[in-house]
Structure formats: structure tokens, C-alpha cells
Amino acid sequence: MSTDFIKVRQDFPVLSRVINGKTLVYLDSANTSQKPRVVIDAMTAFLQHDYAPINRSGYQMASEATDLYEGARIAVAKFINAPNANEVIFTKNATEALNLIVRTWGLANLKRGDIVVLTHMEHHANMVPWHMLVAEIGIELRFIPITPDGQLDLSTLDELLIDAKVLSFTSMSNVLGTITPAKLLCDAAHRAGAIAIVDGCQSVPHMVTDIQDMGADFLAFSSHKMCGPSGLGVLWGRQQLLESMPPYMGGGNMIADVRLDGFTCAELPAKYEAGTPPITEAIGLGAAVAYLNDVGMVNVQNHETEMASYAIDQLTKRLGDDIVIHGPTNPELRGATLSFALKNIHPHDVSQILDQSNVCVRAGHHCAKPLMRLLGVNATVRASFYLYNNHQDADSLCDALEQAREFFSV
Amino acid sequence: MPGLEDLYREIILDHYRSPRNRGELPPPAVRTEGHNPLCGDEIQVYLAVQNGFVSDVKISGQGCSISQSSASMMSAAVKGKPIAEVRSIVRCFKSMMTIEEDSETEAQDEKVKLGDLEALQGVVKFPVRIKCATLAWNTLLQGLDEATA
């Protein structure tokens, strides 16, 4: 069923904002997405009419709040086709979700000399926590290299996975937009006897996620990149793994019993949700998931493939040799996140000129400094599209880039 | 919204296109490195000190037009100056780059002529870029501390 993406755009109130006579051209959704009215309304309604603690008090309001919070968990579980809603853990953000895996499963199961395989295109959040284990217990890291067109080079995958305990990888690069073959990688990890951890921050908001088909053991993603509020991340893990791991943070809600000589953990998911969670935010994410389901994730992905195709086409046509787009040029192999260089103009200067036209992009290293070094740059300009962007946004980007090129022409 | 001409003054673009004092100095010159975590810019400042004077200074690294031109102007402003004067130029420049009132009044007594550097004043209207403009200066300060320790 086709979706009316003109109507989709109208669902996002902020996109009608005008600054200095120019409407907002928001191309920074890989960073954080804008919110549809239904999400804003759901959170406002909860705060105005229903706000109460969860899992604690016995009065009607508290019981209703608990049902709303747990309803959001069920919605998120269905969204990724998780077998069991208790496998969905709400965290502070995706970074905390990844750290949770490293600090619990990692510390309990890894020892000196054990091998963890990552890729050269990981976000710092899926690299630094492992570096910390290198420093603390002496694990060893290996990295899947990248081909010149920005895809994972899988020619040595089986060798890299020999004796590996973990393969942890992104399902879509936040810099290059590359969609990685997640199912193939999970299968390869399992054949080698390793667990598979997927950083889904960039893929979950933009395409259908079927965790059972993918075969991952853990999946981390963030609410704020998929039309939900910030302050909330999601960790999904296989029930048997989550049950076997030690707890992460200690405190209220995560215990079944506390005595002077110790404690007993609560069942999942409470075991990993110490303290009062972001209740309002979880309800916001529940609304975001319902919204994305209404639009249809297949439609979202098709829209973005078409956006990437149009944007790459226009950028190349209008800026020619002055623009170098990193990552795959085939729109089928990538999401609509485009990193590029404009002549030798520094990305920070490019984004400054774009800001004059109210075109919002990110300039910088995108929390992927090892990848930046590989590309031979210290920063890129990144324009990232989402379901609410249209051709006009891509045209405005090209207009503003032409102005930047002119401004800095020697 | 302040206009681009406030930020990208002609003299800034000139220093960006033809940076002064680019290069490196061998030891015993002090080498310090600065990073701007926001945009990934890196800068190295090489500082040679003799008889209480900054006898030579060189800049290397990569960065945006603001960070590079600021570094270039800085090198021109401090080269050959006594260390005490260099420190007061740094103080005055950094106070020009702050939005808070307190530090400004403190440094105003110093009466240092910033000259070309005043072209960078417009950066204050673009708070995100202040870190770009001060990167080289903070790195120079580290170098001064090391050279005079």
C-alpha cells in the first residue's frame, strides 16, 4: 500500500518552522529525528492526565501508568519481532545498551586473550566500551576492513572470526550509510562459536527489523532516531542470555529481595531497569512505533531509497567533480545518510553557509574517528534524510552547497 | 541572524588561504597538540623560546577556516614578542572570545592592541565557532606553560 509522504511531512510540526524567512530543511536525522504530533501528544497527555509511578504503588493511576509503560514495551517488541516482550530492556540510550552488554555479558564471559571482532566503520559507542575491556582484562580486538566503495570487506571474515567470542557490528553505518549484511554476519559469527551483537541505531528507524530472521543475540537502538523522544534507548537480548548475565546497575526495581547479606535479582526485564525509568519517554516511543507502523516500514525504506537515489543524482549533476560522496553509490546498498566532501572546503565552513539557508546538516567526525582516518579526512559533511524529507529538501541542499562553493572560491 | 560577513571577514579568508608560519620546529622547541572534539580538528603548535622571547612559532594540523586563520594570525601576533606580552595578548584575545562580562572587564585594563585579530570578534556572534577560534590559543598556552616550566 502506498503512503502519502506529503501528508507524512505535515505530521511533524517543527518542519513548518520558519527562520529568517526560510523554512526548515532538516537533514540531520541520522543524528536525531524530529517528532510527529502523535508522539508529542501522547507524552503531553500522559503528563497532563495519567502521570504516576510504575511497578510500585497500588492505586488506579499507578496501575494505569504501569500498563501504558508495559504497553510501550510490547509495541517495541512487536516492532522488531522479538519472541518475548520481557527481552526488551529500556535503557538511557543506545550507548548505555551497548555498554550494558559489555559490562555484564562481557565481563562475565571474556578473559585475557579472548577475541572480539568489530568493523572499521563502528560508532565510538560500539568501540570504546570494548577498548575499555582491552585495558581492563586484556581482550583482543580485530576489525573487519572496508572496501573502497564503503562496504564491509568480507573476504577475510572467516579468518577474522577464528576463535572469536564476539562479533559486534553496525547494521547501517552512521557515516557512509552502508547497509551491512546483518543476517550473513550473524550466521558467520554463530558458525565460529561467537555471539552476534548488532548496533541497530541507524537501521531500526529506517527499515523492517526482524530480529528472529536476522539471528542476532543482542540488538541496541535508540528512541530519538526513530521519531521517539531522547533519553531512552532499547536493548533487546535473547532471554537465556539476559537471564544468565549478572545485573548491570543495582538499586530499586531490579531486585526480588534484599537482605543485609545480599540480594536476589528480579525477573526480566526489571533485572536491568534499576531505578525509576524514563516512563513518559517510553510511552512516547510506543506512540512513535505505532506511527511508524501506520506509515509502514517497507514504505519508509522505499521512500528513503528513492530519496538517496535522487539526492546522489542531483548532488553529482549539480556539483560534478567538486563533490566526493563517501560510501556506496548504489542506493540499494545504502540508507539515505550521505557523507561528502565539497572541494577542499572544511565541513564546518560548509555547514555554516548551509545554516544561512536553514539547511541543517552535521559537520564533523560523527563519532567514528577510526573511519575518518581511513577515509583520510578529519571530518565530513553529512546530510541524512528520513521519512519526512522530500525532493525539495535535496534541491535546497544543492542550492546551498552551490552558494558555499561560490563563497569559498579563490 | 548575524550575516556571514561578520564571521568570514576578508582578512580571515586571507589567512585561511595563505596561512603564515606553517610548518614544524625541531626540539628543543616545545610541541603541543590541541583537538576540537566537535569537528575533529587537530592543531600542533611549535614554540621556540629564547631569553624570555618567543623566538619562533610554527603551526601544523588541519581545520576549518576559523581555526586555521586564527592560528595563523596568532602566530604572526606572538612571534618575536616577550613572553609576558604574549601572555597578555592571549588573555585579551580569549576575553574578546567570551560572552561573559566579568572576564572582559578584567582584561580591559591590559590595553593590548590586537590589530588584525579584532577581525575575529564577529565569531562571538556564532557561539558554536568560538571553540574553533580559541583552539590554537589554548594550545599555545599549554606550550607557553611547558616552555617556561
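For the structure itself, look to the data block above.
No experiment lies behind these values; they were computed from the predicted model shown. (Residues numbered from 1 in each chain as written. Chains lettered and ligands numbered in written order. Predicted model: local features only at pLDDT ≥ 70, side-chain atom pairs only at ≥ 80, totals over all residues. Heavy atoms only, no water.)

Draft legend 1. Main features of the overall build of chain B. In terms of regular secondary structure, chain B is built from six helices and three strands. Secondary structure elements of chain B, listed N to C terminal, follow the sequence α-α-β-β-β-α-α-α-α. Overall, the C-alpha framework of chain B stretches about 45 × 35 × 25 Å when taken along its three principal axes. Within chain B, the proportion of its 149 residues that are buried is 49%. At a minimum sequence separation of 6, the contacts of chain B that also span at least 24 residues come to 64%. For chain B, the exposed surface amounts to about 7,000 Å²; the carbon and sulfur share of it is 51%. In chain B, which carries 16 positive and 21 negative side-chain charges, the distance between the mean positions of the two groups comes to 5 Å. (Helix = DSSP H or I, 4+ residues; strand = E, 2+ residues; numbered from the N terminus. Buried < 20%, exposed > 50% of the residue type's maximum accessible area, 1.4 Å probe, protein only. Contact = heavy atoms within 4.5 Å. Areas by Shrake-Rupley, 256 points an atom, 1.4 Å probe, with all protein chains shown as cover. Lys, Arg positive; Asp, Glu negative; His and termini not counted. Charge placed at Lys NZ, Arg CZ, Asp CG, Glu CD.)

Draft legend 2. Broad picture of the overall build of chain A. Along chain A, the regular secondary structure elements total 14 helices and 17 strands. For 410 residues, the compact-globule formula gives about 22 Å, and the C-alpha radius of gyration of chain A, at 22 Å, lands near that figure. Projecting the C-alpha coordinates of chain A onto the three principal axes gives extents of approximately 75 × 55 × 40 Å. Here chain A holds 410 residues, and the buried ones make up 56% of them. Excluding contacts between residues fewer than 6 apart, the proportion of contacts in chain A whose partners are at least 24 apart in sequence is 70%. Total accessible area on chain A stands at roughly 16,300 Å², and carbon and sulfur atoms take up 52% of it. Separation of charge centres in chain A, based on 30 positive and 44 negative side chains, amounts to 4 Å. (Rg over C-alpha atoms; globule rule 2.2 N^0.38 Å.)

Draft legend 3. Highlighting the sheet that holds strand E16 (residues 362-364) of chain A. All names here are of chain A. The antiparallel open sheet is built from four strands, whose spatial order is E13-E14-E17-E16. For this open sheet the edge positions go to strand E13 (323-325) and E16, each flanked by a neighbour on one side alone. Mean inter-strand twist for the sheet, computed between neighbouring axes without regard to direction, equals 30°. Relative to strand E17 (residues 380-384), E16 runs antiparallel, the two sharing three bridges. Counterpart to arginine 362 in the pairing with E17 is arginine 382. Contacting E13, strand E14 (337-342) and E17, helix H14 (residues 391-407) crosses the sheet at an angle of about 20° to E14. (Pairing = 2+ DSSP bridges. Axes fitted to C-alpha atoms, helices over the stretch in contact; angles between N-to-C directions.)

Draft legend 4. Spatial organisation of empty space enclosed by the protein. All names here are of chain A. Applying the stated criterion to the full structure yields two cavities of 30 Å³ or more. Put simply, the largest cavity is a space of about 50 Å³. Forming the boundary of the largest cavity are Met172, Ile179, His206, Met207, Gln301, Glu304, Thr305, Arg334, Gly335 and Ala336. Taken together, the residues of the lining of the largest cavity sort by class into four nonpolar, four polar and two charged. Three or more residues apiece are contributed to the lining of the largest cavity by two domains, here domain 1 (5-31 + 296-407) and domain 2 (40-294). Size it by volume and the second largest cavity reaches roughly 30 Å³. What lines the second largest cavity is Ser29, Ala30, Met172, His206, Glu304, Ala336, Thr337, Ser384 and Phe385. Of the residues belonging to the lining of the second largest cavity, the class tally is four nonpolar, four polar and one charged. (1 Å grid on protein atoms, 1.4 Å probe; cavity = no way out; pocket = protein on both sides within 12 Å on 5 of 7 lines; lining within 4 Å. Points joined across faces, edges and corners; volume = space filled by probe spheres on them. Nonpolar A, V, L, I, M, F, W, Y, C, P; charged D, E, K, R; others polar. Domains from an automatic or database assignment.)

Draft legend 5. Spotlight on the pattern of salt bridges. All told, the structure shown has 23 salt bridges over all chains when counted by the stated rule. Here Arg259(A) ties to Asp261(A) by a salt bridge, and the two come within 3.1 Å at their closest N and O atoms. On the accessibility criterion, Asp261(A) (66% relative accessible area) is exposed. A salt bridge links Lys125(B) to Asp6(B), with the shortest nitrogen-to-oxygen separation between them at 3.5 Å. Taken together, the residues Lys125(B) in the loop between helix H5 (101-108) and helix H6 (130-147) and Asp6(B) in helix H1 (residues 4-7) connect sequence positions 119 residues apart. Assessed through its relative accessible area of 48%, Lys125(B) is described here as partly exposed. Look at Asp6(B) and you get partly exposed, because its relative accessible area is 22%. Beyond isolated ion pairs, a larger network of salt bridges with shared partners links Glu70(A), Arg73(A) and Glu273(A). (Salt bridge = Lys/Arg side-chain N within 4 Å of Asp/Glu carboxyl O.)

Draft legend 6. Just the packing of aromatic side chains, in detail. Under the counting rule described, the total for this entry stands at 10 aromatic pairs over all chains. Here the aromatic rings of Phe12(A) and Tyr291(A) are separated by 5.7 Å at their centres, their planes lie at 80°, and the arrangement is edge-to-face. Taken as a pair, Phe12(A) in the loop between helix H1 (5-10) and strand E1 (18-19) and Tyr291(A) in helix H10 (residues 279-295) lie far apart in primary sequence, 279 residues in all. Both residues of the pair, Phe12(A) and Tyr291(A), count as buried. Consider the rings of Phe408(A) and Tyr8(B), whose centres lie 5.1 Å apart with planes at 85°: the pair is edge-to-face. Of this pair, Phe408(A) sits in the segment after H14 while Tyr8(B) is found in the loop between H1 and helix H2 (10-17), placing the two residues in two different chains. Both residues of the pair, Phe408(A) and Tyr8(B), belong to the buried class. (Phe/Tyr/Trp six-rings, centres within 6.5 Å; stacked < 30°, edge-to-face > 60°.)

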